[in-house]
Amino acid sequence: MKIAACIALVLLVAFVTSGHIHLPGHGNWENKNFEKAVVTYVSSRLTNGQRVEFGEKFLSADYKENNEVRYAATVVYYVVSRTGAKEKHTARVICNEDKDRIIGWKELTNSSEN
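Residues numbered from 1 in each chain as written. Predicted model: local features only at pLDDT ≥ 70, side-chain atom pairs only at ≥ 80, totals over all residues. Heavy atoms only, no water.

Novice: So what's going on with the pairing of strand 2 (residues 68-80)? Residues and values would help.
Specialist: Judged by how many residues are buried, strand 2 sits mostly within the fold: 11 of 13 residues are covered. The pairing of strand 1 (residues 51-65) with strand 2 spans 12 bridges and is classified as antiparallel. Residue E53 lies in a different strand from strand 2, and its bridge partner there is Y78. Hairpin remark: strand 1 followed by strand 2, antiparallel, with two residues in the connecting loop; positive phi at N66, about 55°. As judged from the 11 bridges shared by strand 2 and strand 3 (residues 86-96), these two strands associate in the antiparallel manner. Each residue of the ladder has a partner; that of V79, found in strand 3, is E87. The antiparallel hairpin formed by strand 2 and strand 3 contains five residues in its connecting segment, where G84 sits at a positive phi of about 100°. (Buried < 20%, exposed > 50% of the residue type's maximum accessible area, 1.4 Å probe, protein only. Helix = DSSP H or I, 4+ residues; strand = E, 2+ residues; numbered from the N terminus. Pairing = 2+ DSSP bridges.)

Okay, here's the thing in structure tokens:
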């Protein structure tokens, strides 16, 4: 009985670490990864001391491309100037399965807010 339990535990650990089984809370980490990836991506393109605030995501879905899982979502984010003026942006983002690396980016709209 102990041997079967040990084998089951080893198999469970192997499946979890290979990405076939997701433990509770896994989706929360993916969401945080995605938000961080968006903020990092936009921040790397700013030059005048602005900062980025993540707004929301919608129209999101996983799909397969060339036998690799991708994640696509439309995001709203804000570029905040040093004076506090906000510019609202909307973009279509494609990233990897773990949602921590941006693969594609298409800016859709932007508008100023105060």
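Novice: Could you give an account of the packing of aromatic side chains, naming the residues involved and the relevant values?
Specialist: Overall, the coordinates contain four aromatic pairs when judged by the stated rule. With 4.5 Å between their ring centres and 25° between their planes, Y41 and W105 make a pair best called stacked. Of this pair, Y41 sits in helix 2 (residues 26-43) while W105 sits in strand 4 (residues 102-113), and the two are 64 residues apart along the sequence. Taken together through their ring pairs, the aromatic side chains of F34, F54 and Y71 make up a single cluster. (Phe/Tyr/Trp six-rings, centres within 6.5 Å; stacked < 30°, edge-to-face > 60°.)

Novice: Before we move on, can you summarise the pattern of salt bridges with the specific residues and values?
Specialist: All told, the structure shown has three salt bridges when counted by the stated rule. In this structure, R51 and E53 form a salt bridge, with 2.7 Å as the shortest nitrogen-oxygen distance. Given a relative accessible area of 22%, E53 falls into the partly exposed group. Put simply, K86 and E53 hold a salt bridge, and the shortest N to O gap is 3.1 Å. With K86 in strand 3 and E53 in strand 1, the pair connects residues that are 33 residues apart, well separated along the chain. Salt bridges sharing common partners tie together R51, E53 and K86. (Salt bridge = Lys/Arg side-chain N within 4 Å of Asp/Glu carboxyl O.)

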